[in-house]
Structures are given as structure tokens and as C-alpha cells.
Amino acid sequence: MQNLPSEKIRSVVIRQLILTLLISAAAFLIGKDQAVSALIGGLGASLANAVFGYWVFSAYQAQKPGKLLTKLYVAEFAKLVLTGIIFLAAILFYENLSLVAMLVTYFIVHVTASLLVATYGKEANKG
């Protein structure tokens, strides 16, 4: 596993936020509630991935693979808990939540992070 500097993590999160805004704007054509729901899903994915990325890859040392593995498990658990809290809060506090819009946007934005990180890995192997 390679080190992803904070600038690359920030770049991934910024691209996720832009994607979130684009999807939310498109969802607004369907309705306000769908747009807000999409925004919640996308922001949830972006925030969870930002927490994961910074937690795992800050002060990353290849010489300590056991420590990295522990950071991966703890960060993934934290990401799942954070996502659960965001979804639960949305369900409890947003009366007109479109669960479909929220979950579809979450999935699209979340998968985008994996694709962007894979692209960074290919760029690093070329150089």
C-alpha cells in the first residue's frame, strides 16, 4: 500500500464534494426533497471518506505494517459509525427524506473515492 499525501486526499474529497453538488443540482429537477436528500448522502460519503483517509494515511510508515493494519480497521469502523450516525440523523430529523436519493448519491460518491485513489496509484507507478 502506498502513501497518499494529504494533498491527494484533499483532492479526492474536493472532487467528491463537487460530484455531490452536481448530483444534488440534477436531483433538484425532480424536487427539493430529492436534492436535499442527495446532498445529505453525498456529504455523508465525503465526510466519512475524508475521516478515513486522514486517519489512515497521516503519518503512514511502511516499516510498521501492523500499525497500518490497525489504523485501517479502526478507521473503517469509525467510517461506518459516522455514516450510520449521519443516516440515522437524516431519517429522524428530515421529514421528507428521499431514502433512494440519499443512498444512491452516497453510493456514487463513495465509489468515486475508490476510483480516484486507484487512478492516483496508477500515476505513482508511472513516475
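Residues numbered from 1 in each chain as written. Predicted model: local features only at pLDDT ≥ 70, side-chain atom pairs only at ≥ 80, totals over all residues. Heavy atoms only, no water.

Q: Can you help me understand the UniProt feature "transmembrane region" (unreviewed entry) in the chain in this one?
A: Here the UniProt feature "transmembrane region" (unreviewed entry) sits at residues 12-30, 36-60, 72-94 and 100-121. Along residues 12-30, the helical share is 89% and the strand share 0%, with 28 Å between the first and last C-alpha atoms. The span residues 72-94 is 96% helix and 0% strand, and its two end C-alpha atoms sit 32 Å from each other. (UniProt positions renumbered as here; feature names shortened; annotations may be inferred. Helix = DSSP H or I, 4+ residues; strand = E, 2+ residues; numbered from the N terminus.)

Q: I keep staring at helix α3 (residues 65-93) and nothing clicks. Help me out?
A: One turn of an α-helix holds 3.6 residues; hence residues three or four places apart share an orientation. Compared with the 42 Å implied by 1.5 Å per residue over 29 residues, the 41 Å span of α3 between its first and last C-alpha is a close match. Those residues of α3 not exposed but buried are Leu68, Lys71, Ala75, Ala78, Lys79, Thr83, Ile86, Phe87 and Ala90. (Expected span 1.5 Å × (residues − 1). Buried < 20%, exposed > 50% of the residue type's maximum accessible area, 1.4 Å probe, protein only.)

Q: What is the right way to read the packing of aromatic side chains from this model?
A: By convention here, two paired aromatic rings are described through the distance between centres and the angle between planes. Overall, the coordinates contain 1 aromatic pair when judged by the stated rule. Summarising the aromatic geometry, the rings of Phe87 and Tyr106 are spaced 5.1 Å apart at their centres and angled 75 degrees between planes, so their arrangement reads as edge-to-face. Taken as a pair, Phe87 in helix α3 and Tyr106 in helix α4 (residues 99-126) lie far apart in primary sequence, 19 residues in all. Comparing Phe87 with Tyr106, the two get one shared label, buried. Cation over ring: Lys79 sits above Phe52, and NZ or CZ is 4.9 Å from the ring centre. (Phe/Tyr/Trp six-rings, centres within 6.5 Å; stacked < 30°, edge-to-face > 60°. Lys NZ or Arg CZ within 6 Å of the ring centre and 35° of its normal.)

Q: Can you walk me through the nonpolar core in this structure?
A: The nonpolar side chains of a soluble globular protein tend to be buried with one another. Ranked by internal contacts, the top residues of the largest apolar core, which has 13 residues, are Phe87, Leu97 and Met102. Listed by contribution, the elements that provide at least two residues to this core are α1 (6-28), α2 (32-57), α3 and α4. Counting residues in hydrophobic clusters, the runner-up holds 6 residues, among them Phe52, Val56, Leu68 and Ala75. (Core = buried A, V, L, I, M, F, W, Y, C linked by side-chain atoms within 4.5 Å.)

Q: How do you make sense of the packing of α2 against α3 when you look at a structure like this?
A: To characterise two packed helices, one gives the angle between the axes of the helices and the distance between these axes. Between α2 and α3, the least distance of the axes is 9 Å, while the angle of their chain directions is 160 degrees. On the basis of their axis angle, the class for α2 and α3 is roughly antiparallel. As for how α2 packs across α3, the hand of that crossing is right-handed. Two secondary-structure elements touch here, α2 through Ile40, Gly44, Leu47, Ala48, Asn49, Val51, Phe52, Trp55 and Val56 and α3 through Leu68, Lys71, Leu72, Val74, Ala75, Glu76, Ala78, Lys79, Leu82, Thr83, Ile86 and Ala90. Looking at the contact of α2 with α3, its residues break down into 15 nonpolar, 3 polar and 3 charged. (Axes fitted to C-alpha atoms, helices over the stretch in contact; angles between N-to-C directions. Parallel < 35°, antiparallel > 145°, perpendicular 65-115°, else oblique. Left-handed = near helix turned anticlockwise from the far one by under 90°. Contact = heavy atoms within 4.5 Å. Nonpolar A, V, L, I, M, F, W, Y, C, P; charged D, E, K, R; others polar.)

Q: Help me understand the side chain of Ser46 in this model?
A: Along the chain, the position of Ser46 falls in helix α2. Setting aside residues up to four positions removed in sequence, Ser46 forms contacts with Val13, Gln16, Leu17, Thr20 and Val109.

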